[in-house]
Amino acid sequence: MSDKKDFGFETKMLHAGHIPDAVTGSRAVPIYQTTSYVFDSPDKAAQLFELKQYGNIYTRINNPTTAVFEERMAALENGTGALATASGMAAQFTTLMTLLRPGDEVVASSHLYGGTYTQLEHTMKQLHVKVHFVEPTDIKNWEAAITPKTKALYGETIGNPKGSILDIENVAALAASHSIPLIIDSTFASPYLCRPLDHGANIVVHSATKFIGGHGSSIGGVIVADGKFDFTNYPSIADPTASYHNLKFFETFGEYGFLMKARTVTLRDTGACISPFNSFLLIQGLETLSLRMDRHVKNALAVATFLKEHPQVAWVNYAGLPDSPFHDLAKKYVPRGPGAVFSFGLKKGSGDVRAKGKKFIESLDLFSHLANIGDARSLVIHPASTTHQQLSNAELEKAGVGPELIRLSVGLETIEDLLWDLDNALQQSSL
Amino acid sequence: MGLRQRLTTEQSLDRTLSAEEKTLFKHAKKIQAILKGAKTVAMVGLSNKSERPSNFVASYLLSEGYQVIPVNPRATEILGQKSYPDLKSIPVPIDVVDVFRAPAACDAIIEEVIEVGAKAVWLQLGVINRNAANAALDAGLTVVMDACLKIEHGRYNGSLHLVGMNTGIISARRAKIGF
């Protein structure tokens, strides 16, 4: 084995975390579809259960196929390690359950995925954790919301639905000055477009379901930690853990402490583990990540530019457009392009714009109408007639998703075909 | 983190070694040669408390087939192994001395390491004493500093990978059976 070298992103995409095994030499990553692993001896088993030996115990805790996905993600995000979970929602929940205790508080950006908002606002409340939501573009809002009980800051690299870009370094500096870890959901960017740990974030979470898997086939999530955060004053990580003979995770595992606790306590006890088969499919996705993301952002910019000029379109929220208020931040944090998910507004004519949105969706041939993003295929949703259909127009405006808003996830199809489809549907919807 | 805690943490957050020093004291081939070649490991500052990081490392090394020799004047036996008050009292040849002590104590320890003729000395993560390390190098010893024996063993035998950690190893060559 050669001395360690700093390999490039694409090399890590294909190789990190997988060395062809000694017995079979299998070049592809094998799918270890097993629940459990035969122990060498009772003594070795005891070592594993006491965490004195790293090894396979039970697929709810770890699995050799999943380990390849985890190490590959850690390598791509420049982290110290990673933990895969059943979904992106499980990744953020596992992170918060590992860090927080009842009575703690979180300060979060208000530019969040709706599911994340619900988890933070409602499920966390049940666990006696208060989350303060702040308009993320002004650092003063973050600072004002921090109290002595604040134990985490939370934001998204690219926020929905405004296409806002978080000034990660600014928020990270504030977090560091208060000795609070910064958690970033980087699902919309993927590690190819942005690596938040390089900008000072401490923990990155992903819905791997999206661009990482890239083909809309598998639900999965992942947590990556930087290993640099000092958890001395975090009782959740530093204090003795009763279920492991009073083991102190931070003292014993240092830079691996948070992830080891997340795996061997939170994941063990909450059970939101990923299927090995899904890990395999997510690995397949990672192997072409850079190629797909380059095309995703190229197509997204072409679609955004086209829509911006279209007479039936009122506005386009894509940070890749030069007149976006987030264009400068996009150039800094996502220089290759701010992802492929964005919203635009149909021009409100004389009729009901909600009905117009519905007509637009019904007129599309190539864009798939569904509730997901990050598929290789182009996707579309009109919140006012689906996910948010119970809200009045006034309520929709208040939630930041007006009745004219259409969200796209631009895929890898031939760009002329996508523009043809959109143009056709825009014309149909305006009749 | 208190001083005592930081010094004994199996994996510390202290990343003060320069790139040049890392090449010298955390050289991958040197580390692999020690892990592969060593049979007897004298552990200076090994605790007899099972929840302590040094005890974790010793327990791991024992289960991986190394002969662990505790050096702790306050203990008679640790993990079933006879404990010695100092390196000089150990009656068998020592391949590597693993140090879990404060950096300030390392100058005297290294003198003793050289005196007993151990082949290698390994200062654990966060145990950084450049004078002591250089003295050992000058005496012809193999020296590793600011690294953990358990983590490095796990890095190269694949077990650290199994818990999702970033080993930094990239290779398309077929793995070998055993270490």
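Just so it is clear, the model here is predicted, and its values are computed rather than measured.

How each quantity is defined
- Residues numbered from 1 in each chain as written.
- Chains lettered and ligands numbered in written order.
- Predicted model: local features only at pLDDT ≥ 70, side-chain atom pairs only at ≥ 80, totals over all residues.
- Helix = DSSP H or I, 4+ residues; strand = E, 2+ residues; numbered from the N terminus.
- Rg over C-alpha atoms; globule rule 2.2 N^0.38 Å.
- Buried ≥ 20, exposed ≤ 12 C-beta atoms within 10 Å, placed from the backbone.
- Contact = placed C-beta atoms within 7 Å.
- Pairing = 2+ DSSP bridges.
- Right-handed = clockwise from strand over helix to strand, strands pointing away.
- Nonpolar A, V, L, I, M, F, W, Y, C, P; charged D, E, K, R; others polar.
- Axes fitted to C-alpha atoms, helices over the stretch in contact; angles between N-to-C directions.
- Domains from an automatic or database assignment.
- Core = buried A, V, L, I, M, F, W, Y, C linked by C-beta atoms within 7 Å.
- pLDDT = per-residue confidence, 0-100.
- Parallel < 35°, antiparallel > 145°, perpendicular 65-115°, else oblique.

**A word on the overall build of chain A**
Within chain A one finds 17 helices and 16 strands. Taking 2.2 N^0.38 as the reference for a compact globule, 431 residues should give roughly 22 Å; the C-alpha atoms of chain A span a radius of gyration of 22 Å, in line with that estimate. Projected onto its principal axes, the C-alpha positions of chain A cover 75 × 55 × 40 Å. Residues counted as buried form 52% of the 431 residues belonging to chain A. Taking all contacts inside chain A whose residues are at least 6 apart in sequence as the whole, residues at least 24 apart take part in 73%.

**Notes on the pairing of strand E6 (residues 120-123) of chain B**
All names here are of chain B. Here E6 shows two buried faces, one formed by Ala-120 and Trp-122 and the other by Val-121 and Leu-123. Note: strand E5 (residues 96-99) against E6, four bridges, orientation parallel. Opposite Val-96, over in E6, you have Ala-120 as the bridge partner. Relative to strand E7 (residues 142-145), E6 runs parallel, the two sharing four bridges. When the sheet's bridge partners are listed, Val-121 is paired in E7 with Val-143. You can see the chain leave E6, run along helix H6 (residues 130-138) and come back into E7, and the turn it takes is right-handed.

**Focus on the interface of chain B and chain A**
In many analyses, interface size is given as the accessible surface area lost on bringing the parts together. Counting residues at the interface gives 36 residues for chain B, matched by 48 residues for chain A. Put simply, the parts of the chain that give the side of chain B that touches chain A at least two residues each are helix H3 (28-37), helix H4 (53-63) and helix H8 (159-162) of chain B. By residue number, the principal contributor to the side of chain B that touches chain A is H4(B), which donates five residues. Class assignment of the residues belonging to the side of chain B that touches chain A gives a composition of 16 nonpolar, 15 polar and five charged.

**Some thoughts on the sheet that holds strand E2 (residues 67-71) of chain B**
Residues and elements named next belong to chain B. Pairing in this open sheet of five strands is parallel, and the strands run E2-E1-E5-E6-E7 from one edge to the other. Edge positions in the sheet fall to E2 and E7, since each of these pairs with one other strand and no more. Across this sheet, the average inter-strand angle for adjacent strands is 20 degrees, counted without regard to direction. Both strand E1 (residues 40-44) and E2 contribute to a ladder of five bridges, which runs parallel. Counted as the bridge partner of Met-43 is Pro-70 from E2.

**Brief notes about H4(B)**
All names here are of chain B. Along H4, nine of the 11 residues are buried, which leaves the element largely enclosed by surrounding structure. Listed as buried for H4 are Pro-53, Ser-54, Asn-55, Phe-56, Val-57, Ala-58, Ser-59, Tyr-60 and Leu-61. Two residues or fewer past H4, Gly-65 is found with a positive phi of approximately 95 degrees.

**Here we look at the pairing of strand E1 (residues 81-85) of chain A**
All names here are of chain A. Counting buried positions along E1 gives five out of five residues, so the element sits mostly inside the fold. Residues Gly-81, Leu-83 and Thr-85 of E1 are buried on one face, and the alternating residues Ala-82 and Ala-84, pointing to the opposite face, are buried as well. For E1 and strand E9 (residues 221-225), the ladder comprises five bridges, and the chain directions are antiparallel. Paired with Leu-83 across the bridge in E9 is Ile-223.

**Focus: the environment of Thr59(A)**
Residues and elements named next belong to chain A. Secondary-structure assignment places Thr-59 in the loop between helix H2 (42-49) and helix H3 (64-76). Distance from Thr-59 to Leu-247, taken between C-alpha atoms, is 22 Å for residues 188 residues apart in sequence. Among residues more than four places away in sequence, those in contact with Thr-59 are Thr-34, Thr-35, Cys-273 and Pro-276.

**A look at the domain arrangement of chain A**
Residues and elements named next belong to chain A. The domain architecture assigned to chain A consists of domain 1 (9-286) and domain 2 (290-429). Taken together, the 24 residues of domain 1 in the interface contact 29 residues of domain 2. Elements with a contribution of two residues or more to the side of domain 1 that touches domain 2: helix H1 (9-15), strand E6 (164-165) and helix H8 (190-193). In terms of residue class, the side of domain 1 that touches domain 2 is built from 12 nonpolar, eight polar and four charged.

**Considering the nonpolar core**
Most often, soluble globular proteins keep nonpolar side chains buried together rather than apart. Core analysis: the biggest nonpolar cluster contains 178 residues, and Leu153(A), Ile223(A), Met43(B), Val97(B), Val99(B), Val121(B) and Trp122(B) have the highest contact counts within it. Looking at which domains feed residues into this core, each of domain 1 (9-286) and domain 2 (290-429) of chain A gives three or more. Beyond its immediate chain neighbours, meaning those up to four positions away, Val99(B) contacts Val44(B), Gly45(B), Cys106(B), Ile109(B), Val121(B), Trp122(B), Leu123(B), Gln124(B) and Val127(B).

**A look at the sheet that holds strand E12 (residues 313-317) of chain A**
All names here are of chain A. One open sheet holds the five strands; their spatial order is E12-E13-E16-E15-E14, and the pairing between them is mixed. The open sheet has two edge strands, E12 and strand E14 (368-369), and neither has a second partner. Packed on one face of the sheet, helix H13 (residues 289-309) meets E12, strand E13 (341-346) and strand E16 (405-409) and runs near 150 degrees to E12. Across the face of the sheet, helix H15 (residues 353-363) comes into contact with E13, E14, strand E15 (379-381) and E16 while running at roughly 125 degrees to E13.

**A look at the confidence of the model for chain B**
Residues and elements named next belong to chain B. Per-chain confidence: chain B averages 89 in pLDDT, with 91% of residues scoring 70 or above. When the criterion is pLDDT under 50, residues 1-14 qualifies, and its contacts beyond four places in sequence or with other chains add up to 43 contacts. Quick note on the complex model: pTM equals 0.94, ipTM equals 0.92.

**Points about the environment of Leu87(B)**
All names here are of chain B. With respect to the helices, strands and loops of the structure, Leu-87 is situated in the loop between strand E4 (81-82) and E5. Through-space distance from the C-alpha of Leu-87 to that of Leu-62 is 19 Å; in sequence the pair is 25 residues apart. With sequence-adjacent residues up to four places away left out, Leu-87 is seen in contact with Ala-42, Val-71, Val-97, Glu-112, Val-113 and Val-116.

**Details of the packing of helix H4 (residues 88-99) of chain A against helix H11 (residues 257-270) of chain A**
Residues and elements named next belong to chain A. Where H4 meets H11, the closest approach of the two axes is 9 Å, and the angle between their N-to-C directions is 110 degrees. Relative to H11, H4 is oriented roughly perpendicular. Here H4 contributes Thr-94, Thr-95, Met-97 and Thr-98 to the contact with H11, which in turn contributes Phe-258, Lys-261, Ala-262, Thr-266, Leu-267 and Thr-270. Here the residues of the contact of H4 with H11 are counted per class, giving four nonpolar, five polar and one charged.

**Examining helix H12 (residues 276-286) of chain A**
Residue and element names in this part refer to chain A. A large share of H12 lies buried, amounting to eight of its 11 residues. The complete set of buried residues in H12 reads Pro-276, Asn-278, Ser-279, Phe-280, Leu-282, Ile-283, Gly-285 and Leu-286. Of the surrounding secondary structure, the elements contacted by the buried residues of H12 are H1, H3, E1 and H13.

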